[in-house]
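# Structural description and commentary
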Amino acid sequence: MKGLQRMMKGIEMEVNLTRHLIGKDVLDDRVMAAIKQVPRHEFLPADFRFLAYDNGPAPIGSGQTISQPYIVALMSDLLDTKPTDTILEIGTGSGYQTAILSKLVKQVYSLEIIEELSTQATRRLKKLGYDNVTVRNGDGSFGWPEHAPYDGIIVTAAAAYIPQPLIDQLKVGARLVIPVGLPYSYQELMVVEKKADGKVEARNILGVSFVPLVSGCDVEAKNLGEQHDQ
Ligand code: SAH
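Report on the accompanying structure. (Residues numbered from 1 in each chain as written. Predicted model: local features only at pLDDT ≥ 70, side-chain atom pairs only at ≥ 80, totals over all residues. Heavy atoms only, no water.)

## Points about the side chain of D85
Inspection of the secondary structure puts D85 in the loop between α4 (69–79) and β3 (86–90). Relative accessible area serves as the criterion here: at 2%, D85 is assigned to the buried category. Of the polar contacts made by the side chain of D85, one reaches the backbone nitrogen of K82; its length is 2.8 Å. Beyond its immediate stretch of four places on either side in the chain, D85 contacts D80, V105, K106, Q107 and D151. (Helix = DSSP H or I, 4+ residues; strand = E, 2+ residues; numbered from the N terminus. Buried < 20%, exposed > 50% of the residue type's maximum accessible area, 1.4 Å probe, protein only. Polar contact = N/O pair within 3.5 Å; in protein donor to acceptor, adjacent residues only side chain to side chain. Contact = heavy atoms within 4.5 Å.)

This is the structure:
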């Protein structure tokens, strides 16, 4: 079986295995079509390209990972997008999830806290022709107020709690898809919907494992630590 077909089969099988948790047997056709169209190998460093079409996460440098294709597909499905949507993504990483979203919606704004990754992702997405995405280096915990309110927000790093600015920057009726829990431990993928009174309704979907959503202070502290190490 060719790589991409194998990956698509892997996603379908895992959707089926988790159907009782996610409440469906198959994911949205638009999402599956978008996954088929994005060349995942382009988002991996050369040394790890051999993992591109496995249904698993893989290293992308700077201690970060590209998410598992099943999780990318599931989160894109849970976001419940329309072609006219403007979406905010927190945690650009390799830009793979950004590219999938670019196929599904009108405009994607994406924030990445590690400068090297945001620079690489910007270059890569441009080269591959995803021209309805804008990537910026910054701390996504505060959202990106300039383009708010959003039709949906997706966070691809694990938060200890739901950042209030992300709720504030959602349209009424829109969704935030976010893993919430302990760093490098148990996290729950949550779908949070903003109601007309500003309150939210949250659902837990299933247990996941993401790299942590860090704050700008963590990154500065790490950089200082590295300077002292030299
Ligand atoms: N969706 C990405 C997954 C990347 S892993 C992909 O498919 O490749 C999560 C990313 O979130 C990492 O690159 C990490 O640096 C970034 N991140 C962590 N905390 C962040 C924050 N506060 N703001 C923005 N990005 C953050």
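Additional details are given in the paragraphs that follow.
## What to know about the pairing of strand β6 (residues 150–155)
The element β6 is largely enclosed, with a buried count of six among its six residues. Bridging between β3 and β6 involves four bridges; their strand directions are parallel. By the bridge assignment, L88 is partnered in β6 with I153. Where β6 lies against strand β7 (residues 170–181), four bridges are found, and the strand directions are parallel. Counterpart to Y150 in the pairing with β7 is L170. (Pairing = 2+ DSSP bridges.)

## Here we look at helix α5 (residues 96–104)
For α5, a buried count of eight out of nine residues is recorded, marking the element as mostly surrounded by other parts of the structure. Three or more residues of α5 are buried, namely Y96, Q97, T98, A99, I100, L101, S102 and L104.

## Overview of the site of the ligand
Near the ligand, the surroundings consist of 26 residues, among which S94, E112, D139, G140 and V214 are the closest. The contact in question runs from a nitrogen atom of the ligand to an N or O atom on the side chain of T156, over 3.2 Å. For the ligand, the accessible surface in isolation is 580 Å², of which the surrounding protein chains cover 99%. Those elements giving two or more residues to the shell around the ligand turn out to be β2 (64–66), α5 and β4 (107–112). Counting residues per element, the shell around the ligand draws most heavily on β2, which supplies three residues. A per-class count over the shell around the ligand returns 12 nonpolar, 12 polar and two charged. (Near = heavy atom within 4 Å. Areas by Shrake-Rupley, 256 points an atom, 1.4 Å probe, with all protein chains shown as cover. Nonpolar A, V, L, I, M, F, W, Y, C, P; charged D, E, K, R; others polar.)

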